[in-house]
Amino acid sequence: MNRKSIAMLAATILVSSAVYAQTVLKGKVVDQDGKPIPGVTITLRDGTGTQTGQNGEFTINYKQAGTLSVSAIGYGRKEVNLTNQTSIQVTLQSDERSLDEVIVTAMGITRDKKSLGYAIQEVKAKDLTDAGQLNVTSSLSGKVAGVQVNQFGGAVGSSARISLRGNSSLQADQQPLIVVDGVPITNNTQRSGDNTYGGVDYGSGLNDINPEDIEDIRILKGGSAALYGMRAGRGVIEITTKSGKKAKNGVSLAYDGNFSVDQVATLPKFQNLYGQGSRGDEYHYNLNGKGLTYQQYAEQNSFNYVDGTGESDDGVNDGFDESWGPRLDIGLNLRQFDSPVVNGVRQATPWVSHKNNVRDFFQLGHSQNHNLSLLSKGEKSSTRAALSYRNQIGTVPNTDQTRYSMQLNNFYQLSDKISYDVMANYSRTQSDNLIMQGYDGANPINGFIWFGRQVNMQSLKDNWDQRDPETGNYTYYNWNSSYHVNPYFTMNKTTNSLNRNRVFGKSSLYYKPYEFLKFEGRVGLDYYNAKMFQSNYFNYDNPNGSFRDLKTNNTELNLDFIATFNKQFGDFNLLASAGANYRDAQNENSTVGADALTVPGVYTISNRVGDAVNLMDHSHIRSNSIYGLASIGWKDQIYVDVTARNDWSSTITKSFFYPSFNLSWLPTTTFEALKGDVLSFWKLRFNLAEIGNATSAYRNKRYYYAQNSSFNGVAQIYKSMTYPNPNLEPESIRTWEVGTEIGLFKDRLHADFTYYHKNAKKQILPVTTSNVVGFSSMVLNAGNIESKGVEIQLRGDILKSETGVNWTASFNFAKDKNKILELYPQLNLDTYQIGWTWGIANMAKVGESWGALVGPGYNRVEDGPMKGAIKVTDEGFVDNTKSTQVIGHVTPNYMMSLRNEFKYKDFTVGFMLDFRKGGDVWSQTMSHAYGAGIAAITAENGVRERAIVAGKDVMKNERFAMPDGKGGWVENTIAVNTQDWYESGGIAEMYVFDGSFLKLREGYITYTIPQHVYGKIKGVKRANVSLIGSNLALLWVDKSNTMRIDPETSGVSSDSRGVGFEQASVPSSRSIGLKLGITF
Amino acid sequence: MFLTNTMSMNKIIKKTGLAASALSLLLLSGCTKNFEDINTNPDALPYSPPTNTLVNVLRNTGEQFGGDVDGYGTFAGYIVKIQYMDFMSGLVPTNNTYGNRWYACYYNNTQLKDMLEYTESTAKGYKNVRFIARIWQNYMWSYLTDGWRNVPFTETFQGTEEQGGVLRAKYDKQEDIYPAILKSLKEIADEMAVGYGDDALGKADAIYYMGDDQESLTAEMLKWRKFCNSLRLRLALRISGVASDLAKSTIEEIAGNKGKYPVLEENSENCALTYPGAPPYYEPWYNSGMIGNRRNNWALSDIFIDHLIDTKDPRIAAVALKANDGEYRGYPNGAKQGPSSLTSVSWIGDRYIANAAGATPFFKSCETYYILAEAAMLGYNVGISAKTAYEKAVNLSMADNGISSEATNAYLEGAGKWNNTKERIWWDMWVALFKENFEAWSLYRRTGVPTTNYPSLNSIFGKKHNDQPWRLPYPNNEYLYNKANTNEAATKVVDNVWGEQMWWDKRTGKF
């Protein structure tokens, strides 16, 4: 007898404490291939039971004849009639995969998937890493129905915003809760700036996890997250890290790595017919150029460069950063910024286009990712240790990010009853420079929106660091010297660095006194420390330089105690779990900086001019919770779950209770006859839950604050203009969902449909009030946002063949339709501002969907024959006297994605298409590029060669009406010129585009090297090589997106405040590379 | 066995259940009790010392109203845009620009009211700071009513539950607000005439700080008292055409008893906020013009420059830069496009835009004398002749602009010579008010001077309006969150800024 058997026997004896008149049954459970199955649950009618050991053997005492129930996860259940046997061998058939898949659910409780009354979607390691995506957020994009991941632009290390089942909160941050191995970690998007115009994006916290270390990700979209209570309102993303638990005994070492090149992919569409200047086109020449040749007209009236300031006496429009100048490529010679100066006189040089000047600015970026992992498994313990290195060089010159990480997972079975595990993750993310985003003088992208289309980027690249020989100072060599700084100067001298250390992990001790009872004590920690340094050498927003030294410390501690009970009672299976949680979250931020410096380029406090910039900010939240789950399953076909949680939070005075109810029924098990060649599996489910959204600290008192700077040395103190709410409650979300899962043709075709409904009430609203009342906003619980949605997942093994082509396709579809039913009628409050930029607001408006873009819109004729036509003024320009109106809706109509994987012998080819319908975006790039005459549309169809009429020459898809002089409206015939039309005739609605797109999100070709090839090399167990690509192509956009801007980019803010706005965004880039994997 | 087993099961359930409930009780009783402390913001303050409230309000007023370059500056006929023309398209309800100024006034008065409440029980010990707070409250009200005519006044600051929860305040008529401000200022003036307090202001008195000794404090308080009375003069004269009794009695009371009601008389007494001149507090015009590199966005208007040239006014050298050909040249308001060479027109002069540590004026002492001159012309008994008062005013303004007395005298002998008309006072006052753009705009609306003033040549309103705006658009937030009252107040308003003139604006033929 080995020790295992002794322990087993001991356990058996303990359970059956009185031994008399019993038959001892020894048995073995094997699979269809005769291999022993460990961990099989053996139950008698009376509730006694045991489990099989590693060798599949078990021993149980029984008193009288009856049924023995044998069940194991992943296998069909079997019942054996006992008469008087003393030994038995039971063979279990492995089940269809979907029927008996197990899944880890909320709070780390492992369940049979069939027992769940709600939709839960999993993304496996392979799906995350097939295409070599470098971070978790981008690797999740498009892979889960109802999950919208917005990756903000193509800058290295940029953040992403995740929303599950649409947007149902009015709070700025409404990302789901992230839980790794049962421990919540923060996913703060770390960003400096004002969330209105710009700032540096330091990335999403979620991306501190290496995708290569992830075993799987589960998305709890609705009521399934109820056990997380107050923090579950936005859904939960649960991540399980890779461990050695499922590995084969032994030790293996694996290397997985990839290298890819990144190329800027979605540049806006520019015109290349006219260069810098004003009124230089044929229309203006014909109008004003009397007696002059075009060459003379161009240099005398449109553009003549002297110093780029617009202030020199001889220059003509040389400080003008727009491209309404003379026609390019027709032999003109004009003085330009890079024309040679001979004896103090600038010589005219050919006025020619540089079609790729913006593209030329970007470089070929590259990224590499190397992962080394060790797996070890023995009788009692399993370990996975992984080291990784990732390095990215951005497409924007001088931007980079490096990450070093370490991950350790260890499990040790100390005895039959006692075990523990440890998970630890450390990462260090560092960047020497990340690009400033949005409308900021330090974002070079703005200099391409206000631009001279003739500018030769090479001249800027060659001379950015030119110095005045007499003073030694930089000359700030650039094409413009009144608004813009040479983009290379900015990227080299105005830098934003990052250095973030993060540790998260957990350890659990498990005590399992009986097979059916388990206790877990757990400590989880998430800690990070980030240092960000922003320096500004010179630009026209900060002519005297500036800097900010930002530090953040964030700690979240979670203590949990959980008891789990799982036992079969005859036909009934009872699963019960109860737990308590203590959470303490602390955050501190500090900023030191200056807004002017004595010596340029020296970023120290002692070098400042004027007051130093100093900020301190703290937040501390604590909560206690108890929670429980009870699930009863009957004959593996009907499951009823009840969960409950009660939260006490320091931010809120009351305590809150969150219940949920789930029901799952498998008709194909109840009525075996339903099963056939066509239908192999059918499940119906229902879920009802209440979940919440907590609030931030310190919202229940009215405080006084001091301005960041004193005035003449006297602190400036003010009373907060926010009226607090001492009785604030968390947001309350009541949701129900029904769903069904169907497996057809031996589950080769698998479908999952969900319909959900949710009402998000008690929205936490810092409501703006009239500011004459003694405050300007008050914090309220109010409102009701209703969301209804459909999610469809289809998976098909379309072709299945041992020797031929295998084709697997999976399809996700999600439609979320929401509506603001009510905000705060007591105050006639029917609009609430979620975000704002450039006079356009992203609003919650009663009767509209979440995120109505509100801004100056067209004034349309209300009735008569010209009804619907856009009114123009007497001068022929768009009438913009009408005050604000709804000009777009940011919420997409629906989203879908299609993933295909083809396998032929050792080759695997996969790709994913991602489609979004709708979701309007107001674009600052469009707004300014139209005005600055650089957008392609401003020079199309010869509009600069003649006078134009709105509706005939521009915006042909719209009708325009002019006043008939008698108070009525007639067809517009007023001729205007293109420069005035775009420069001063624009209106916000003109720059709203429909954000629909079709993208080829990722693709890969993998060659799994056959064993006979590498078999000769000693120790190699696996080898594969792949060609990978991500963000491969923006295949289609809506016509209204005239500049072909990536609808997923942003530039304003990484949270809800930035949704629906695009601002000087960094073009996204396409990555293509090689991936290699070897296991020893 | 069956029996025993079940019993042990029950025991286990009982035991674990008990343990769980005991644990949770322990957790909860132990850990919710310091939740109150945890949820107290360590970065905030429990109250504000009164002088610290004051300095915040004064600085905020200066930045908000002193930051205006081409808003009221254009309405007043001083400054035009030469890049980024807006053609009056910005005159819509918004929370920015004019909405910010509205907010600043109510924000400041919220802070001052809070300070007055906080010091109410210890009023004696905070006498001085309370005087200033009350004067400034009235100054804010005057800004509000001169900008928006009818504004929430009596029902304001009652939003909290304790104060009645009035979240939608009714609008009061300008006709009622003016007398109330004048009444309040008189009360303050009378109280100050009795005596000041002992509480030191220190540098929190960002306007008149002289020193920390008692003598300086007394001198500072005297200046505040003078500002209070001068403000009364300004407001009284403004309503002289519509409430002559109140105007006359107020002005005569002050002018007739300067001992009790002293007024601002010297440039050294100008009510103005001077900035430290280093980040983050540069003089606002310097900040946008020099630090923000937008000096070339503006030129002086042809209305202004033409007048200064016509009258050979030496102040032209202070307010304007010469164009690149050495001449002074204004630019039309709302031209279709800017000059192709930005330097071919006159920009704002260094004295006004190129001094980092410059000042935002709220009341220049010369105004006292322009007011007295006009009052004398109206036949009020002000104890000074119109001519003397006018000439004193001109001398003060010239000196304030660094103009020599020779040049001043030449002007007073030339185009600036007293001619016994109110127009002469108004035109000169208009020149003197440069940078006090809001006041200059009020002067224009009341008197029609400068008569050459005109609105944007290429207005988006076409020919619908022939005048500069009469008022400011109500902020968008008022339309959103105080809808009924705002709509009612705006009944007569046309295109947000026309339709209804100020109570004291009796000009005709304008629309």
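Everything numeric in this text was worked out from a predicted model, so none of it was measured.

Parameters and conventions
- Residues numbered from 1 in each chain as written.
- Chains lettered and ligands numbered in written order.
- Predicted model: local features only at pLDDT ≥ 70, side-chain atom pairs only at ≥ 80, totals over all residues.
- Heavy atoms only, no water.
- Helix = DSSP H or I, 4+ residues; strand = E, 2+ residues; numbered from the N terminus.
- Contact = heavy atoms within 4.5 Å.
- Areas by Shrake-Rupley, 256 points an atom, 1.4 Å probe, with all protein chains shown as cover.
- Buried area = accessible area lost by both parts, 1.4 Å probe.
- Salt bridge = Lys/Arg side-chain N within 4 Å of Asp/Glu carboxyl O.
- Polar contact = N/O pair within 3.5 Å; in protein donor to acceptor, adjacent residues only side chain to side chain.
- 1 Å grid on protein atoms, 1.4 Å probe; cavity = no way out; pocket = protein on both sides within 12 Å on 5 of 7 lines; lining within 4 Å.
- Points joined across faces, edges and corners; volume = space filled by probe spheres on them.
- Buried < 20%, exposed > 50% of the residue type's maximum accessible area, 1.4 Å probe, protein only.
- Expected span 1.5 Å × (residues − 1).
- Arc of directions from axis to C-beta.
- Disulfide = S-S within 2.5 Å.
- Pairing = 2+ DSSP bridges.
- Axes fitted to C-alpha atoms, helices over the stretch in contact; angles between N-to-C directions.
- pLDDT = per-residue confidence, 0-100.
- Lys, Arg positive; Asp, Glu negative; His and termini not counted.
- Core = buried A, V, L, I, M, F, W, Y, C linked by side-chain atoms within 4.5 Å.
- Parallel < 35°, antiparallel > 145°, perpendicular 65-115°, else oblique.
- Left-handed = near helix turned anticlockwise from the far one by under 90°.
- Nonpolar A, V, L, I, M, F, W, Y, C, P; charged D, E, K, R; others polar.

So what exactly am I meant to see when it comes to the overall build of chain A here?
When helices and strands are counted, chain A shows 14 helices and 60 strands. Projected onto the principal axes, the alpha-carbon positions of chain A cover approximately 120 × 75 × 65 Å. Long-range pairs, those at least 24 residues apart, make up 69% of the contacts in chain A between residues at least 6 apart in sequence. Roughly 40,200 Å² of accessible area belongs to chain A as shown, and the carbon and sulfur atoms make up 54% of that amount.

I'm lost on the interface of chain A and chain B in this one. Help?
By a widespread convention, an interface's size corresponds to the accessible area lost as its parts come together. Facing the 93 residues of chain A at the interface are 90 residues of chain B. Contact between chain A and chain B buries roughly 8,000 Å² in total, counting both sides, with carbon and sulfur atoms accounting for 58%. When residues of chain A are sorted by the area they lose upon contact with chain B, Tyr 704, Phe 711 and Val 772 of chain A head the list and together hold 10% of the total. Applying the counting criterion to the chain A and chain B interface returns two salt bridges. If you look at where chain A meets chain B, you find 32 residue pairs in polar contact (both at pLDDT 80 or more). For the side of chain A that touches chain B, the secondary structure elements donating two or more residues are β30 (517-536), β31 (546-569), β32 (572-594), β33 (612-634), β34 (638-649), β37 (704-706), β38 (717-719) and β44 (831-837) of chain A. The dominant element in the side of chain A that touches chain B, judged by the number of residues it contributes, is β33 of chain A, at nine residues.

Even after reading the chapter, I still don't get empty space enclosed by the protein, so can you show me in this structure?
Summary: where empty space remains is shown by rolling a probe the size of a single water molecule over the atoms. Residues and elements named next belong to chain A. In this structure the tally under the stated criterion is 14 cavities of 30 Å³ or more. Together, 34 residues line the largest cavity, and Gln 133, Ser 138, Gln 151, Ser 1069 and Ser 1071 are the ones closest to its centre. Every element with two or more residues in the lining of the largest cavity is listed here: β19 (250-264), β25 (381-393), β57 (997-1008), β58 (1022-1037) and β60 (1069-1079). A total of four residues in the lining of the largest cavity trace back to one element, the largest contributor, which is β58.

Is there a simple way to think about the side chain of Asn 56 of chain B in this case?
Relative to the assigned elements, Asn 56 of chain B resides in helix α3 (residues 50-66). By relative accessible area, which is 0% here, Asn 56 of chain B ends up buried. Looking at Asn 56 of chain B, its side chain comes within polar contact range of the side chain of Gln 707 of chain A, at 2.8 Å. Not counting chain neighbours up to four residues away, the residues in contact with Asn 56 of chain B comprise Gln 707, Gln 716, Ile 717 and Tyr 718 of chain A together with Tyr 107 of chain B.

Help me out: how do you make sense of helix α7 (residues 174-194) of chain B in this one?
A turn of α-helix holds 3.6 residues, and therefore any two residues three or four places apart point the same way. Residues and elements named next belong to chain B. Taking 1.5 Å per residue as the helical rise, α7 with its 21 residues ought to reach 30 Å, and the 31 Å between its terminal C-alpha atoms agrees with that figure. Among all positions of α7, only Gln 174, Ile 177, Tyr 178, Ile 181, Leu 182, Leu 185, Ile 188, Ala 189 and Met 192 are buried. Taken end-on, α7 shows its buried residues confined to a sector of 130°, consistent with a single buried face. Exposed residues on α7 whose side chains face more than 90 degrees from its buried face are Lys 183 and Val 194.

Honestly, the environment of Ala 385 of chain A in this entry has me stumped. Any pointers?
Residues and elements named next belong to chain A. Positionally, Ala 385 belongs in strand β25. Each C-alpha atom of the pair Ala 385 and Asn 410 lies 8.3 Å from the other, and the pair is 25 residues apart in sequence. Other than its neighbours up to four places away in sequence, Ala 385 contacts Leu 372, Ser 373, Leu 374, Gln 407 and Leu 408.

I keep staring at the pattern of salt bridges and nothing clicks. Help me out?
A side chain with one charge may pair with a side chain of the opposite charge, provided their charged atoms come close. Residue and element names in this part refer to chain A. Evaluation of the coordinates by the stated rule reveals 85 salt bridges over all chains. In this structure, Arg 583 engages Glu 556 in a salt bridge whose closest nitrogen and oxygen atoms are separated by 2.8 Å. One end of the pair, Arg 583, is in strand β32; the other, Glu 556, is in strand β31, and 27 residues separate them in sequence. The residues Arg 583 and Glu 556 share a single accessibility class, namely buried. A salt bridge links Glu 786 to Lys 788; its shortest N-O distance comes to 4.0 Å. Beyond isolated ion pairs, a larger network of salt bridges with shared partners links Lys 245, Asp 421, Lys 506, Glu 520, Arg 522 and Asp 560.

Explain the state of the cysteines here, please?
A disulfide bridge is the covalent bond that connects two cysteines by way of their sulfur atoms. All names here are of chain B. Under the counting rule described, the total for this entry stands at zero disulfides over all chains. The structure places no disulfide on Cys 228, whose sulfur is separated from the nearest cysteine sulfur, that of Cys 271, by 11 Å. Cys 228 gets classed as buried once you look at its relative accessible area, which sits at 0%. Lacking any disulfide linkage, Cys 366 is separated from the closest cysteine sulfur, that of Cys 271, by 13 Å.

For this particular structure, what's the right way to read the sheet that holds strand β4 (residues 57-62) of chain A?
Sheet strands associate in pairs through backbone hydrogen bonding, adopting either a parallel or an antiparallel arrangement. Residue and element names in this part refer to chain A. Taking strand neighbours across the sheet as the criterion, the three strands line up as β4-β1-β7 in an open arrangement whose pairing is mixed. Bordering the open sheet on either side are β4 and β7 (87-92), each of which pairs with just one other strand. This sheet shows a mean twist of 30° between the axes of neighbouring strands, independent of strand direction.

Just to check I follow, could you spell out the confidence of the model for chain A for this structure?
If pLDDT is low for a region, its predicted coordinates should not be looked at in detail. Across chain A, pLDDT averages 90, with 97% of residues at or above 70. Across residues 1-20 of chain A, where pLDDT falls below 50, the model places 21 contacts with residues more than four positions away in sequence or in other chains.

Just checking my understanding: could you explain the confidence of the model for chain B for this structure?
When pLDDT is averaged along chain B, the result is 92, and 94% of the positions lie at 70 or above. Model confidence for the complex is summarised by a pTM of 0.88, with the ipTM given as 0.94.

Mind showing me how you'd approach the side chain of Asp 281 of chain A here?
Residue and element names in this part refer to chain A. In this fold, Asp 281 is placed in the loop between β19 and α5 (282-288). Although Asp 281 is buried, it forms no salt bridge, and the closest oppositely charged side chain is Arg 944 at an N-O distance of 4.9 Å. Side chain to side chain, Asp 281 and His 284 meet in a polar contact 2.9 Å long. In contact with Asp 281, other than residues within four places in its own chain, are Tyr 274, Tyr 294, Trp 324, Gly 325 and Arg 944.

Sorry, what's going on with helix α6 (residues 127-148) of chain B here?
Residue and element names in this part refer to chain B. Between its first and last C-alpha atoms α6 spans 32 Å; for 22 residues at 1.5 Å apiece the expected length is 32 Å, and the two agree. Burial analysis of α6 places 21 of its 22 residues in the buried class, the great majority of the element. At the C-terminal side of α6, Arg 149 shows a positive phi close to 65°.

How do you make sense of the sheet that holds strand β59 (residues 1061-1062) of chain A when you look at a structure like this?
All names here are of chain A. Read from one edge to the other, the open sheet built from three strands follows the order β56-β51-β59, with strand pairing classed as mixed. The open sheet terminates on both sides in strands that have one partner only, identified here as β56 (992-994) and β59. Here strand β51 (residues 920-923) runs beside β56; their pairing, made up of three bridges, is antiparallel. By the bridge assignment for β56, Val 921 is matched with Phe 993.

What should I look at first to understand the nonpolar core in this one?
In globular proteins that are soluble, nonpolar side chains generally tend to be buried together. Ranked by internal contacts, the top residues of the largest apolar core, which has 280 residues, are Trp 981 of chain A together with Trp 136, Trp 224, Phe 227, Ile 348 and Phe 434 of chain B. Counting residues per element, this core draws most heavily on α6 of chain B, at 12 residues. Excluding anything up to four places from it in sequence, Trp 224 of chain B contacts Leu 58, Ile 132, Ile 135, Trp 136, Met 192, Asp 205, Ile 207 and Tyr 208 of chain B. Leu 128, Val 180, Ile 209 and Ile 237 of chain A belong to the second-largest nonpolar core, a separate cluster that totals 22 residues.

Sorry if this is basic, but what is going on with the packing of helix α15 (residues 386-400) of chain B against helix α17 (residues 422-432) of chain B here?
When two helices pack together, you describe them by how their axes are tilted relative to each other and by the distance separating the axes. Residue and element names in this part refer to chain B. Remark: α15 packs on α17, axes separated minimally by 10 Å, with the N-to-C direction vectors making an angle of 15°. The angle between α15 and α17 places the two elements in the roughly parallel class. As for how α15 packs across α17, the hand of that crossing is left-handed. Residues Tyr 390, Val 394 and Ser 397 of α15 lie in contact with α17, whose contacting residues are Arg 424, Ile 425, Asp 428 and Ala 432. Of the residues assigned to the contact of α15 with α17, the class counts are four nonpolar, one polar and two charged.

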